[in-house]
Amino acid sequence: MVDRTGTPLVELRDISISFGGIKAVDHVTVDLYPGEVVGLLGHNGAGKSTLIKCLSGAYKADQGDILINGQKVEINNPRDARSQNIETIYQTLALADNLDAASNLFLGRELVNGLGFVDETKMEAETRKIMARLNPNFRKFNVPVSMPRS
Ligand SMILES: Nc1ncnc2c1ncn2[C@@H]1O[C@H](COP(=O)(O)OP(=O)(O)OP(=O)(O)O)[C@@H](O)[C@H]1O
Ligand SMILES: [Mg+2]
């Protein structure tokens, strides 16, 4: 049972954003508590994705505040969101199909060696560990993900 009495982990307060004349999100307030799993429901075009994009830094809300552990934070881009441990997994397929699995997995957060160069060996090793859990049959580590499976 989630304790909803303390400070929320994430608060969206009175968030609004418009695109031209369309009010995509209109004064929305949401509290999220540690350990809570929340579903956001609404018809097509209700504003669900837009609200989440405000939290994930893809859009900047016209109005409202975002608080993490009770502190107001500025989320101006996805990097700011990530620094607050906010990750977004989009419903649409979001792979860079010209890159291999490791490059996709670490896109934007590439592992680097002591000299600051991208450490492809380490990225592949980490990817192999993760894929062993997700899909042990996956073998195509060194080809673009667009390549058909055989
Ligand atoms: N970048 C944009 N430019 C203009 N209008 C937009 C943009 N993004 C969303 N909208 C509009 O804002 C409204 C909310 O769209 P949004 O995609 O957030 O809805 P949704 O609840 O996620 O819908 P769905 O269930 O179809 O995913 C819609 O009217 C949509 O057309
Ligand atoms: Mg959507």
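Here the structure is a predicted model, which is why all the values come from computation and not from measurement. (Residues numbered from 1 in each chain as written. Chains lettered and ligands numbered in written order. Predicted model: local features only at pLDDT ≥ 70, side-chain atom pairs only at ≥ 80, totals over all residues. Heavy atoms only, no water.)

Outline the overall build of the protein chain, listing residues and values.
A count of helices and strands for the protein chain gives 4 helices and 4 strands. Order of helices (α) and strands (β) in the protein chain, N terminus to C terminus: β-β-α-β-β-α-α-α. What you see for the protein chain is a C-alpha radius of gyration of 19 Å, clearly larger than the 15 Å of a compact globule of 150 residues, by over 25%. By its C-alpha atoms, the protein chain is 50 × 35 × 35 Å across when sized along the principal axes. Each of the 150 residues in the protein chain was classed as buried or not, and the buried ones make up 24%. A total accessible area of about 10,600 Å² is found for the protein chain, and carbon and sulfur atoms account for 53% of it. The centroid of the 17 positive side-chain charges in the protein chain is displaced by 6 Å from the centroid of its 18 negative side-chain charges. (Helix = DSSP H or I, 4+ residues; strand = E, 2+ residues; numbered from the N terminus. Rg over C-alpha atoms; globule rule 2.2 N^0.38 Å. Buried < 20%, exposed > 50% of the residue type's maximum accessible area, 1.4 Å probe, protein only. Areas by Shrake-Rupley, 256 points an atom, 1.4 Å probe, with all protein chains shown as cover. Lys, Arg positive; Asp, Glu negative; His and termini not counted. Charge placed at Lys NZ, Arg CZ, Asp CG, Glu CD.)

Tell me what's going on with the pattern of salt bridges, and back it up with residues and numbers.
Following the criterion strictly, the structure yields 9 salt bridges and no others. Three or more residues are tied together by salt bridges with common partners; here these are Arg82, Glu87 and Arg109. (Salt bridge = Lys/Arg side-chain N within 4 Å of Asp/Glu carboxyl O.)

Give a description of helix α1 (residues 48-56) that names residues and reports values.
Taken residue by residue, α1 has Thr50, Leu51, Cys54, Leu55 and Ser56 as its buried positions. Directly after α1, the chain includes glycine 57, whose backbone phi takes a positive value near 85°.

Describe the domain arrangement of the protein chain, listing the residues and the values that go with them.
Each domain of the protein chain was delimited in the assignment, giving domain 1 (10-83) and domain 2 (95-150). With centres defined by C-alpha atoms, the gap from domain 1 to domain 2 works out at 31 Å. (Domains from an automatic or database assignment.)

Explain the site of ligand 1 residue by residue, including any values.
Taken together, Phe19, Ile22, Ala24, His43, Asn44, Gly45, Ala46, Gly47, Lys48, Ser49, Thr50 and Tyr59 are the residues near ligand 1. One nitrogen or oxygen atom from the main chain of glycine 47 is found 2.9 Å from an oxygen atom belonging to ligand 1. Serine 49 is positioned such that a nitrogen or oxygen atom in its side chain is 2.8 Å from an oxygen atom of ligand 1. In isolation ligand 1 exposes 640 Å². Once the protein is present, 63% of that is buried. (Near = heavy atom within 4 Å. Polar contact = N/O pair within 3.5 Å; in protein donor to acceptor, adjacent residues only side chain to side chain.)

Describe the sheet that holds strand β2 (residues 22-32), with residues and values.
For sheets, the rule is that strands pair by backbone hydrogen bonds, running either parallel or antiparallel. With antiparallel pairing, the 4 strands of this open sheet are ordered in space as β2-β1-β3-β4. One side of each edge strand has no neighbouring strand; the edge strands of this open sheet are β2 and β4 (71-73). Each adjacent strand pair in this sheet contributes to an overall mean axis angle of 30°, direction not counted. Direction of pairing for strand β1 (residues 10-19) relative to β2: antiparallel, over a ladder of 7 bridges. Following the sheet pairing, phenylalanine 19 is matched in β2 by isoleucine 22. (Pairing = 2+ DSSP bridges. Axes fitted to C-alpha atoms, helices over the stretch in contact; angles between N-to-C directions.)

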